[in-house]
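Residue-level listing of the chains:
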Amino acid sequence: MNSFLKYLPVLIITAFFSTSCENKSTLQGYFVDNQEAKNFISQDLPIAMLKLDESKLTSEQRDAYKSVNRLNFLGFKVDANNAEAYNTELTKVKTILSDKKYNELMEFSDKGNRIVVKYIGNDVKADELVVLGSSKTLGFGIVRILGDNMSPDKMANLVSALQYAQMDQGKLQEMMGFFK
């Protein structure tokens, strides 16, 4: 018993360092590491940027809309000179999103553009929604949707309402101008 107590601090320190030194990338870390990097654009977007007519939303869509606090956007612009870097960065993002903590909500392709929507949480409550859009001709963009008590089902329903949303043209033009 006495020898066990003698080694207990060593075991605790070893356990701490072996778990804290795990070299696993996070999406938040990826955003921080690349927010000012070449070929990237980063913006925090207020939910007010989406000008939705709440009177036209269903109660589920309204609940989903009100549960969102902010949007974080990170984009990478591809051109003829950085196609290899584009593939490398997109692979990094896909590797992060392949972590088992990300649940797939939906995935689709349209005219060579690919959209993947994932979330962290369970079927009732999501802590974070992530939308990854990629195009070999434009680049890729990641939107982290952060809020309180977000429901994945309601958020999927809200996506359909967003097609009618008006956007803050200044922010939208700044983001889209980056990809041109």
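Fair warning: this is a prediction, and the values are worked out from it, not measured in the lab.

(A) A look at the environment of Leu158. Summarising the element assignment, Leu158 is placed in helix H5 (residues 152–162). Through-space distance from the C-alpha of Leu158 to that of Thr58 is 8.9 Å; in sequence the pair is 100 residues apart. Here Leu158 is in contact with Leu52, Gln61, Ala64 and Tyr65, once residues within four sequence places are set aside.

(B) Representation of the side chain of Glu89. Among the structural elements, Glu89 can be located in helix H4 (residues 83–97). Excluding residues that lie within four positions of it along the chain, Glu89 makes contacts with Tyr30, Asn34, Phe40, Phe76 and Phe140.

(C) Fine view of the pairing of strand S4 (residues 102–110). Note: S4 against strand S5 (residues 113–121), eight bridges, orientation antiparallel. Bridging across to S5, Asn103 finds its partner in Tyr119. Count of turn residues in the S4/S5 antiparallel hairpin: two residues, of which Lys111 carries a positive phi of about 55°.

(D) Expanded view of the pattern of salt bridges. Inspection of the entire model under this criterion finds three salt bridges. The salt bridge involving Glu107 is made with Arg114; its shortest N-O contact spans 1.9 Å. The class for Glu107 is partly exposed, based on a relative accessible area of 34%. Residue Arg114 is classed as partly exposed on the basis of its relative accessible area, which comes to 34%.

(E) Geometry of the confidence of the model for the protein. For the protein, the average pLDDT comes to 79, and 74% of its residues sit at 70 or higher. Between the elements of the protein, mean pLDDT differs from a low of 45, seen in helix H1 (residues 2–20), to a high of 96, seen in H4. Overall, residues 2–12 carries pLDDT values under 50, and its contacts beyond four positions in sequence, including any with other chains, amount to zero contacts. Every residue in residues 14–22 scores below 50 in pLDDT, and together they form zero contacts with partners more than four places removed in sequence or on other chains.

(F) Seen up close, the packing of helix H2 (residues 27–34) against H4. As a packed pair, H2 and H4 sit with axes 10 Å apart at the nearest point and diverge in direction by 155°. As judged from the angle between their axes, H2 and H4 are roughly antiparallel. Residues Leu27, Tyr30 and Asn34 of H2 pack against Glu89, Lys92, Val93, Ile96 and Leu97 of H4. Here the contact of H2 with H4 is composed, by residue class, of five nonpolar, one polar and two charged.

(G) The packing of aromatic side chains, seen in detail. On inspection of all chains with the given rule, the structure shows six aromatic pairs. A centroid spacing of 6.2 Å and a plane angle of 75° characterise the contact between Tyr30 and Phe40, whose relative ring orientation is edge-to-face. Note that Tyr30 is positioned in helix H2 and Phe40 in strand S1 (residues 40–46), a separation of ten residues in sequence. Look at Tyr30 and you get buried, because its relative accessible area is 6%. On the numbers, 6.4 Å between centres and 80° between planes, the contact of Phe40 with Phe140 is edge-to-face. Remark: Phe140 occurs in strand S7 (residues 139–150) and Phe40 occurs in strand S1; sequence separation between them is 100 residues. The same class applies to Phe40 as to Phe140, namely buried. The structure contains a cluster of three or more aromatic residues connected by ring pairs, namely Tyr30, Phe40, Phe76, Tyr86 and Phe140. Across from the ring centre of Phe31, 5.7 Å away, lies the NZ or CZ of Arg144, which sits over that ring.

Definitions and limits used
Note on numbering: residues in each chain are counted from 1, in written sequence order. Local features are withheld for residues below a pLDDT of 70 in this predicted model, meaning they are given only at 70 or higher, and side-chain atom pairs are given and counted only at 80 or more; totals for whole chains, interfaces and linings count all residues. Based on all heavy atoms of the structure, the side-chain values leave hydrogens and waters out of the count. Counting from the N terminus, the helices are DSSP H or I runs at least four residues long and the strands are E runs at least two residues long. In this analysis, two residues are considered to be in contact whenever any of their non-hydrogen atoms come within 4.5 Å of each other. For two strands to count as paired, DSSP must find a minimum of two bridges between them. A carboxyl oxygen of Asp or Glu within 4 Å of a side-chain nitrogen of Lys or Arg is what we treat as a salt bridge. Only protein chains enter the calculation, and the probe is 1.4 Å; a residue is then buried if its accessible area is under 20% of its type maximum, exposed if over 50%, and partly exposed in between. For every residue, the predictor assigns a confidence score, pLDDT, that lies between 0 and 100. Interaxial angle, 0 to 180 degrees, is taken between N-to-C directions of lines fitted to C-alpha atoms, where a helix line uses only the stretch in contact. Each angle gets one of four labels, with under 35 degrees taken as roughly parallel, over 145 as roughly antiparallel, 65 to 115 as roughly perpendicular, and the rest as oblique. Polarity classes work like this: nonpolar for Ala, Val, Leu, Ile, Met, Phe, Trp, Tyr, Cys and Pro, charged for Asp, Glu, Lys and Arg, and polar for all others, with Gly in that last group. In this scheme Phe, Tyr and Trp rings, the latter by its six-membered ring, pair at centre separations within 6.5 Å, and the angle between planes marks the pair as stacked below 30 degrees, edge-to-face above 60, and tilted otherwise. Working rule: Lys NZ or Arg CZ, within 6 Å of ring centre, within 35 degrees of ring normal, means a charge sits over the ring.

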